[in-house]
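# Observations on the three-dimensional arrangement
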Amino acid sequence: MMRALEKIGFALTVLVLVSPAATVFLWMLSLSLKNELDNTAWPPVFIPSPPVWDNFIAVFERNDFLLYTWNSVVVSFTATGLAILIGVPAGYGIAKMRATRAAMLILIARITPGLSYLIPLFLLFQWLGLTGTLTPIIVTHLVITVPIVVWVMIGFFEGLPAELEEAALVDGANIWQAFRHVAFPLARPGITVAVILSFIFSWNNFIFAMVLAGRETRTLPVAVNNMLTFEQISWGPLAAAALLVTLPVLLLTLLAQKQIIAGLTAGGVKGG
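Fair warning: this is a prediction, and the values are worked out from it, not measured in the lab. (Residues numbered from 1 in each chain as written. Predicted model: local features only at pLDDT ≥ 70, side-chain atom pairs only at ≥ 80, totals over all residues. Heavy atoms only, no water.)

Attention now moves to the packing of aromatic side chains. Following the criterion strictly, the structure yields 10 aromatic pairs and no others. Pairing Trp-53 with Phe-56 gives two aromatic rings, centres 5.7 Å apart and planes at 45°, and the pair type is tilted. Connected via pairs of aromatic rings, a cluster forms that spans Tyr-92, Phe-157, Trp-176, Phe-179 and Phe-184. (Phe/Tyr/Trp six-rings, centres within 6.5 Å; stacked < 30°, edge-to-face > 60°.)

Among the structural elements, Ser-32 can be located in helix α1 (residues 2-32). A relative accessible area of 0% means that Ser-32 is categorised as buried. The residues contacting Ser-32, other than those within four sequence positions of it, are Val-52, Asn-55, Phe-56, Gly-236, Ala-239, Ala-240 and Leu-243. (Helix = DSSP H or I, 4+ residues; strand = E, 2+ residues; numbered from the N terminus. Buried < 20%, exposed > 50% of the residue type's maximum accessible area, 1.4 Å probe, protein only. Contact = heavy atoms within 4.5 Å.)

What follows deals with the packing of α1 against helix α13 (residues 235-255). At a minimum axis separation of 7 Å, α1 and α13 run at an interaxial angle of 130°. With respect to each other, α1 and α13 are oriented oblique. Considering only the axes of α1 and α13, their crossing is left-handed. Between α1, through Phe-25, Met-28, Leu-29, Leu-31 and Ser-32, and α13, the contact on the second element is made entirely by Trp-235, Gly-236, Ala-239, Ala-240, Ala-242, Leu-243 and Leu-250. (Axes fitted to C-alpha atoms, helices over the stretch in contact; angles between N-to-C directions. Parallel < 35°, antiparallel > 145°, perpendicular 65-115°, else oblique. Left-handed = near helix turned anticlockwise from the far one by under 90°.)

The residues that UniProt annotates with the feature "transmembrane region" (unreviewed entry) are residues 73-95, 107-128, 134-157, 190-213 and 233-255. Annotated as 86% helix and 0% strand, the span residues 107-128 places its first and last C-alpha atoms 29 Å apart. When the span residues 134-157 is considered, its composition is 100% helix and 0% strand, and the gap between its end C-alpha atoms is 33 Å. (UniProt positions renumbered as here; feature names shortened; annotations may be inferred.)

What follows is the structure, given as C-alpha cells:
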C-alpha cells in the first residue's frame, strides 16, 4: 500500500510539474493548425477541424526561413564548439587549483543577464564595422555558452578521483597530458551535458541577433518576431514559426535525455 501511494504521489507530482508546459505546447500546436477565424473564436476551439497547413506555408512565404535556419546552425554550432574548446580546460584549471574566486566570477557571469553586455558589445562591433555579420552574434553567444560550460565542468572535474591524475604525473606525464589522457575521457558525461545546454541556450537566444544581425544574418528566433505586424497578431503563423524553431531543440532533448540524466547523475555521485 505504501509503495502504491508513493507511486501515485510521484505521478501526481510529475503531472503538476509537466502539465503547464505540455498544455502550452499543445495549445501552440492547436493554433498552428487552425485558421484565424478559429483562433479568435469564443469559446476557444482546441481541436482543429479540419487541420490546415496554411500557417506553415505562410512562415516560409514571409521569411527566408531556410537562410535563417542555416544562420542559426552556424551560430549555435560555432558558439558551442568554441565554448567547449575554451570552457573545458578552464573548468579543469579552476577545479584543480581550487580557485574559488574564479569560480565565483564564472557564477556571476552565468547569472548576469545577457542584456547587460549588449550595449557595450554593440558599440564595439559598430566601431569595428562588424554589425550585420555572423561574427558579432557568435562572439556574443560566447558570453552565454562559455560560463555554462565552465560551471558544469568545474563540478565534474572536482568530483574526479585525484589519485588517477597523481598516478599519471608520477609516471612522467605533465599536467596537460594528465588532462588529455585521464581527466578528459572521464569527464565525457559532463562534456555531453555542457554541449547540450550550450547549444540550447545559443539556439534560443533572441536579443543579440535582433540587435546585431542584418537582413541576411538573422537567426530563427528573429524569424518568429517577424511574424508580428502592426495591423494585427496572426496567431496561426506565429505559432507555426515558434514550433519550427522549437522542434530542433525538442528533438535534441528527447534524443539526448539519457545522456543528460546520466551526466548529471554521474557528476552528482562523484561530487558527493
